Number of protein chains: 2
Amino acid sequence: MKKIINNPENFVKETVEGIKLAYPEKVDTLENDFRILIRKNNPKKNKVGIVTAGGSGHLPVFLGYVGEGMIDGCAIGNVFASPSSQKMYKMIKACEFGKGVLCLYGNYGGDRMNFEMACENADFDDIKTAQVLVKDDVASADENKKDTRRGVAGLVYAYKIAGAAAEMGYDLEKVVEITQKALNNIKTMGVALTPCIVPEVGEPTFKIEEGKIEIGMGIHGEQGIEIKDMMNADEIAQLIFEKLNKELKLQENDEVSVMINGLGATPLEEQYIVFRKIAKILNEKNINIIMPHIGEYATSMEMAGLSITIFKLDQELKELLKKPANTPFYTNINK
Amino acid sequence: MKKIINNPENFVKETVEGIKLAYPEKVDTLENDFRILIRKNNPKKNKVGIVTAGGSGHLPVFLGYVGEGMIDGCAIGNVFASPSSQKMYKMIKACEFGKGVLCLYGNYGGDRMNFEMACENADFDDIKTAQVLVKDDVASADENKKDTRRGVAGLVYAYKIAGAAAEMGYDLEKVVEITQKALNNIKTMGVALTPCIVPEVGEPTFKIEEGKIEIGMGIHGEQGIEIKDMMNADEIAQLIFEKLNKELKLQENDEVSVMINGLGATPLEEQYIVFRKIAKILNEKNINIIMPHIGEYATSMEMAGLSITIFKLDQELKELLKKPANTPFYTNINK
C-alpha cells in the first residue's frame, strides 16, 4: 500500500479540510460539518437549490462541483459509502432558496434510500423537493432494465445543466424536466485496467490480471460486462462508441458533447488519444462536437482506465451547457 | 504494460491530434506540424511572444498552457526528449509579434542546446530573443549549485507570470526581468512512489520498492536525494516545506501561492490532504495563501507521487498571477 495519507480514518475529513482551506471564497462546510459542503455567498435568493450526495473517493465528483452555475450543496459519506439521511436533510434545508430543492444524484441503493428519507423530512418542513437520478452507465444493465443503471461521469453534465437551468430562475418543475431531458441523452461506458485501494482497507479490493482489460467496470469496482485481452486505444474507443450509439442513434448534423474521463491513474496523453478517435468517428458521420471535456471528472482514486460519455444536445441543452460556471474544479467562461 | 495507446511510435502525434481536435478555437499546429502548437488568433500584434519546449509525457506541461494569458507557442519532442532546434526556430518565427520572443523552459541539457541554436538562427532574421530557464527543483542540486537545478512544476507559474506581463504590453527586457524575479521566488520539491512507463519502452525504466518513497525524484525518474520508508502525508508536507523554506525564508505577513501537483496516479483526495497540512503550517506563521493550485499541472504520465511548489509573491507578481488566462488546461477568471 502506498498512499499519501495520514490515519485512514481521517481520509475524508482531511480531504474536505483541504478543499475548504483552498477555496474559502467559493465553498464552506455547513455548520462546521466536514461531510456537508455548500456554496458560499449564494447570491440568488429566488432559485431552485441543486444538491447531491454520495460516497467519497471520486474527486472531483462530487465536492468539486459546488459553486456558481452548478450545485449548491453536497453531502458525502465515507469512501464508496452513502452519507446519512440526516446530513442530506440538513443540506436540503440549507439549500432552499424559495423555489424548492432538486436532489440530483447517482442511482445507488444507499443514496436513494437516504435521499428518500431526507426528502420526507423536508416535506414536514414544507420544503418542496424533487429527485432526479443519474443512470448513465450503459454497461451496468441492459436497455430494457435501464432504470436499474448506475450513475457515473454523466453526473457532471447533469450538474452543469441543472445548475444552469436553476440560475435562469426556472421553477422546480421546469428544472426537473430539463435535467431529465438531458439525462435521457447522456450515455457513458468505461473500461478499467487496474484497481483502486480503499484507504481503510489498504489493499486492492479486486484484481484485474496483467494483460487484461475489464469492459464496463463500475467506479467502485462493480463487475463489468466482459474481461478481454488488452486492447489498443482505437479499439476501445470504437467499442464504446458503438455501445453508446446503439442507444443514442446519432444522425448526421447532430450536436454532441463528449467527455473522456480519466478514472485516476490514466495519463492525460492517453485520454487525448482516445478523444482523437472518437472525434474522427463523429467527424466522419458529420456530427458536431460542442465543448468536449477531457480530463479527470469522476474518478476512483488511483484506478487506471477511462470512461467515455456522449451527451446529445438540442438547442436548449447546448445553451445551458455553455452558460458560465465557476466551481473549484469546473470553470467555464461563456464567450 | 497496460497503456491505452495505439502504436507507441504514434503516441505524441496522436496526443497532439487529440488536443487540436478538442480546442480548434484555441490552438493550432504550425503548418500542420504535430510537434509545434501555437495559440490561435493571437490578438495582439505588439506584444512579446512567449514560447517553450520540452519532451512529451508531462501533460498538461507543456502543450496545455498555450493560449490567452500564458504562452504563444510550444514545441515538443518524443517522450522525455527535446524537440529539434529547427522546430524551435520555426516556432520562434511564428511567435514574433513585433517585440521579440522570450524562450522560457526547464533547465535540461537537450532543450538548452537546441534553444541556443534556434535563437542564433532567429538572430540572423533580426528577431530579438531572450532565454529564461526554469530551475525550481531544489532537490536536483544544492543551493550553491542552483544554476544546475532542473525545472519542474514551477514552469506553470513562470508561464503565468511571463504571459501576463507580455499581455500588459511590456517590452522584452521588462518581461525577462519580471519572469526572473518570479523564478527567484519559486521553489519546488517532489516525492515519487511508483515509476512511469515510456510508451516505446513498454515497462518501467526504474523501480521504487514497495513500502518506500523517493524524496526529490525528478519528473523523468532522475535520482532523488534519498529513499525512505513510506511516510504519511503530514510528514511529507513538513519535510518538503522545510526544504523549500530554507531558501525562501518566509516571514510573517508574506504572501505565497502554493501548488500541490499530482505526478499522474496520485488521487486528488491525497493532494488535498497534503495541501491542508501546508496551509496549516503557513497559517500558523501568518503567511497568506493566494490562488492555490491543486491538481495535475506537470506530470510524468502514470507516476504516483506529488510535488509542492511555493511561490513567494510581491505586489506586482500577485497582480500578474491574478490576471485572466484561458488555455486548454488553465482558466482564470479575474474577479
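Residues numbered from 1 in each chain as written. Chains lettered and ligands numbered in written order. Predicted model: local features only at pLDDT ≥ 70, side-chain atom pairs only at ≥ 80, totals over all residues. Heavy atoms only, no water.

Visitor: Hey, could you run me through the packing of aromatic side chains in this one?
Guide: Within a pair of aromatic rings, the relevant descriptors are the distance that separates the centres and the angle that separates the planes. Under the defined criterion, the tally for this structure stands at 12 aromatic pairs over all chains. Judged by centre distance (6.0 Å) and plane angle (45°), the rings of Tyr 65 of chain A and Tyr 159 of chain A are tilted. Of the two residues, Tyr 65 of chain A is situated in the loop between β3 (49-56) and β4 (73-79) and Tyr 159 of chain A in helix α4 (residues 154-167); the sequence distance between them amounts to 94 residues. A relative accessible area of 0% means that Tyr 65 of chain A is categorised as buried. For Tyr 159 of chain A, a relative accessible area of 0% puts it in the buried group. Grouped by ring-pair contacts, the aromatic residues Tyr 23 and Phe 329 of chain A together with Tyr 272 of chain B constitute a single cluster. One Lys or Arg, Lys 13 of chain A, reaches over the ring of Phe 34 of chain A and ends 4.9 Å from the middle of that ring. (Phe/Tyr/Trp six-rings, centres within 6.5 Å; stacked < 30°, edge-to-face > 60°. Helix = DSSP H or I, 4+ residues; strand = E, 2+ residues; numbered from the N terminus. Buried < 20%, exposed > 50% of the residue type's maximum accessible area, 1.4 Å probe, protein only. Lys NZ or Arg CZ within 6 Å of the ring centre and 35° of its normal.)

Visitor: Sorry, what's going on with the domain arrangement of chain A here?
Guide: Residues and elements named next belong to chain A. Splitting chain A by domain gives domain 1 (11-184) and domain 2 (186-324). Summarising the inter-unit geometry, the C-alpha centres of domain 1 and domain 2 are found 22 Å apart. If you look at the interface, domain 1 gives 36 residues, while domain 2 gives 39 residues. Between domain 1 and domain 2, a total of about 3,300 Å² is buried, with carbon and sulfur atoms accounting for 64% of that surface. Viewed at the interface, domain 2 and domain 1 are joined by four salt bridges. Asp 314 is paired through a salt bridge with Lys 181; the nearest N and O atoms lie 2.8 Å apart. (Domains from an automatic or database assignment. Contact = heavy atoms within 4.5 Å. Buried area = accessible area lost by both parts, 1.4 Å probe. Salt bridge = Lys/Arg side-chain N within 4 Å of Asp/Glu carboxyl O.)

Visitor: What is the right way to look at the packing of helix α4 (residues 154-167) of chain B against helix α5 (residues 172-184) of chain B in this model?
Guide: Each pair of packed helices can be described by the angle between their axes along with the distance between the axes. Residue and element names in this part refer to chain B. Viewed as axis vectors pointing N to C, α4 and α5 meet at an angle of 155°, and their least axial separation amounts to 9 Å. By the angle between their directions, the pair α4 and α5 is classed as roughly antiparallel. Helix-helix and strand crossings are classified by hand; for α4 and α5 the assignment is right-handed. The residues of α5 that touch α4, namely those facing Ala 158, Ile 161, Ala 162, Ala 165 and Ala 166, are Val 175, Ile 178, Thr 179, Ala 182 and Leu 183. Split by residue class, the contact of α4 with α5 holds nine nonpolar, one polar and no charged. (Axes fitted to C-alpha atoms, helices over the stretch in contact; angles between N-to-C directions. Parallel < 35°, antiparallel > 145°, perpendicular 65-115°, else oblique. Left-handed = near helix turned anticlockwise from the far one by under 90°. Nonpolar A, V, L, I, M, F, W, Y, C, P; charged D, E, K, R; others polar.)

Visitor: Looking at this structure, how should I read the interface of chain B and chain A?
Guide: Size of an interface, as often reported, equals the accessible area lost when the parts are brought together. Between chain B and chain A, the contact holds 59 residues from the first and 59 residues from the second. For the chain B and chain A pair, buried surface summed over both sides reaches about 4,800 Å², with 62% attributable to carbon and sulfur atoms. Per-residue buried area on chain B facing chain A is highest for Lys 2, Ile 4 and Glu 269 of chain B; these three make up 19% of the total on that side. Applying the counting criterion to the chain B and chain A interface returns eight salt bridges. For Glu 17 of chain B, the salt bridge identified is with Arg 276 of chain A, shortest N-O distance 2.7 Å. Counting across the chain B and chain A interface gives 25 residue pairs in polar contact (both at pLDDT 80 or more). Among the secondary structure elements, those contributing two or more residues to the side of chain B that touches chain A are α1 (11-22), β7 (186-194), α6 (233-248), α7 (268-284) and β13 (304-313) of chain B. (Polar contact = N/O pair within 3.5 Å; in protein donor to acceptor, adjacent residues only side chain to side chain.)

Visitor: Help me out: how do you make sense of the sheet that holds strand β4 (residues 73-79) of chain B in this one?
Guide: Backbone-to-backbone hydrogen bonds join strands into a sheet, with any given pair of strands oriented parallel or antiparallel. Residues and elements named next belong to chain B. The six strands lie next to each other as β1-β2-β4-β3-β5-β6, forming an open sheet whose pairing is mixed. On the outer flanks of this sheet lie β1 (27-30) and β6 (129-134), each paired with one strand and no other. Across the sheet, the mean angle from the axis of one strand to that of its neighbour is 25°, orientation sign disregarded. Bridging between strand β3 (residues 49-56) and β4 involves five bridges; their strand directions are parallel. Looking at β4, one finds that Gly 54 is bridged to Ile 76. Strands in contact with α1 are β1, β2 (33-39), β3 and β4; relative to β2, the strand with the most contacts, it is inclined by about 35°. Contacts between helix α2 (residues 85-94) and the sheet are confined to β1, β2, β3, β4, β5 (101-106) and β6, with β2 contributing the most and set at about 25° to the helix. (Pairing = 2+ DSSP bridges.)

Visitor: Would you take a moment to explain the packing of helix α2 (residues 85-94) of chain A against helix α3 (residues 109-124) of chain A for this structure?
Guide: Residue and element names in this part refer to chain A. The interhelical angle for the contact between α2 and α3, taken along N-to-C directions, is 50°, at an axis separation of 8 Å. Here α3 runs oblique to α2, going by the angle between their axes. Handedness of the α2/α3 crossing: right-handed. Only Asp 111, Asn 114, Phe 115, Met 117, Ala 118, Cys 119, Asn 121 and Ala 122 of α3 make contact with α2, whose side of the interface consists of Ser 85, Met 88, Tyr 89, Met 91 and Ile 92. Residues that form the contact of α2 with α3 fall into these classes: nine nonpolar, three polar and one charged.

Visitor: Can you walk me through the pairing of β4 of chain A in this structure?
Guide: The side chains of a regular strand alternate between the sheet's two faces. Residues and elements named next belong to chain A. Of all seven residues in β4, six are buried; the element is thus mostly enclosed. Bridge analysis of strand β2 (residues 33-39) against β4 gives three bridges, and the strand direction is antiparallel. Bridge pairing links Leu 37 to Cys 74 in β4.

Visitor: I tried to follow unusual backbone geometry on my own but got confused; where do I start?
Guide: Excluding glycine, a negative phi dihedral is what most residues carry, and trans is how most peptide bonds are arranged. Between Leu 59 of chain B and the following residue, Pro 60 of chain B, the backbone shows a cis peptide bond with an omega angle of 5°. Examined against the element boundaries, Pro 60 of chain B turns out to sit in the loop between β3 and β4. The omega angle of the peptide bond from Val 61 of chain B to Phe 62 of chain B is 5°, so this bond is cis rather than trans. Looking at where Phe 62 of chain B falls in the secondary structure, it is placed in the loop between β3 and β4. The phi dihedral of Asn 253 of chain A is positive, around 70°, even though this residue is not glycine. Even without a glycine there, the phi angle at Met 301 of chain A is positive, about 50°. By the secondary structure assignment, Met 301 of chain A is in the loop between β12 (293-295) and β13 (304-313). The buried category is assigned to Met 301 of chain A, whose relative accessible area is 1%.

Visitor: Please clarify how the relation of the copies chain B and chain A should be interpreted in this entry.
Guide: The relation between the two chain copies is a rotation about an axis coupled with a shift along that axis. Under the fitted operation, chain B is carried onto chain A by 0.0 Å of movement along the axis and a turn of 180°, and the coordinates agree to an RMSD of 0.0 Å. On the angle and the small slide along the axis, the relation comes out as a two-fold axis. Among all C-alpha atoms of chain B, that of Ala 265 of chain B lies closest to the rotation axis, at 2.0 Å. The residues that chain B uses at the interface reappear at the interface of chain A in 100% of cases, marking a shared surface. (Least-squares fit on C-alpha atoms with pLDDT ≥ 70 in both.)

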